[in-house]
Amino acid sequence: MPSTVFVLNGPNLDLLGTRHPEVYGHDTLADVEVLVDKTAAELGFEADFRQSDHDGAVICGCGPHGCAMALPRIAALIGACA
């Protein structure tokens, strides 16, 4: 059984590819998930995707699943608080 990598996507990433595509590109979150799934499988992992528009849900999303590591984008959280 492969190890699972939890991919936690925060606020507004569900709008990727549709909101300001001239700035952020045309790839959707689903497109990114396909790429991550393929790469994870090549490396012997399984990817489990979660997305929430609530920062708290993203921050706490790993805990109940026993994640060994989380790599938050601190700058995104600081920008949200400014």
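Scroll up for the structure.
Please read all numbers here as calculations on a predicted model, not as lab measurements.

Definitions and limits used
- Residues numbered from 1 in each chain as written.
- Predicted model: local features only at pLDDT ≥ 70, side-chain atom pairs only at ≥ 80, totals over all residues.
- Heavy atoms only, no water.
- Helix = DSSP H or I, 4+ residues; strand = E, 2+ residues; numbered from the N terminus.
- Buried < 20%, exposed > 50% of the residue type's maximum accessible area, 1.4 Å probe, protein only.
- Contact = heavy atoms within 4.5 Å.
- Areas by Shrake-Rupley, 256 points an atom, 1.4 Å probe, with all protein chains shown as cover.
- Expected span 1.5 Å × (residues − 1).
- Patch = residues over 30% accessible without salt bridge, like charges linked within 9 Å, V, L, I, M, F, W, Y side chains within 5 Å.
- Salt bridge = Lys/Arg side-chain N within 4 Å of Asp/Glu carboxyl O.

Enquirer: Teacher, can you tell me more about the overall build of the protein chain here?
Expert: A tally of regular secondary structure across the protein chain gives 4 helices and 2 strands. When the helices and strands of the protein chain are placed in sequence order, the string is β-α-α-β-α-α. Burial statistics for the protein chain: of 82 residues in total, 13% are counted as buried. Within the protein chain, residue pairs in contact and separated by at least 24 positions form 64% of the contacts whose partners lie at least 6 positions apart. Roughly 6,100 Å² of accessible area belongs to the protein chain as shown, and the carbon and sulfur atoms make up 61% of that amount.

Enquirer: Where do I start with helix H2 (residues 29-42) in this structure?
Expert: Quick reminder: α-helices carry 3.6 residues per turn. Residues three or four places apart thus point the same way. Taking 1.5 Å as the rise per residue, H2 with 14 residues should run 20 Å; its terminal C-alpha atoms sit 20 Å apart, in good agreement. At the exit of H2 stands Gly44, carrying a positive phi of roughly 85°.

Enquirer: Sorry, what's going on with the environment of Leu29 here?
Expert: Tracing the backbone shows Leu29 in helix H2. Put simply, Leu29 and Gln51 are 22 residues apart on the chain and 9.5 Å apart in space, counted from C-alpha to C-alpha. Residues contacting Leu29, with those up to four places away along its chain left out, are Asn9, Leu13, Asp14, Leu16 and Gln51.

Enquirer: Explanation requested: a nonpolar patch on the surface in the structure shown.
Expert: There is a patch of nonpolar side chains on the surface, built from Val5, Leu43 and Phe45 and spanning about 270 Å² of accessible area. Take Phe45: it is sitting in strand S2 (residues 45-51).

Enquirer: Explain unusual backbone geometry here, please?
Expert: With glycine set apart, most residues show a phi of negative sign, and most peptide bonds adopt trans. If you check the backbone angles, Asn12 has positive phi at about 70° while not being a glycine. Mapped onto the elements, Asn12 comes out in the loop between strand S1 (3-9) and helix H1 (21-24). Backbone geometry places His20, a non-glycine residue, at a positive phi of 50°. Looking at the element boundaries, His20 is found in the loop between S1 and H1.

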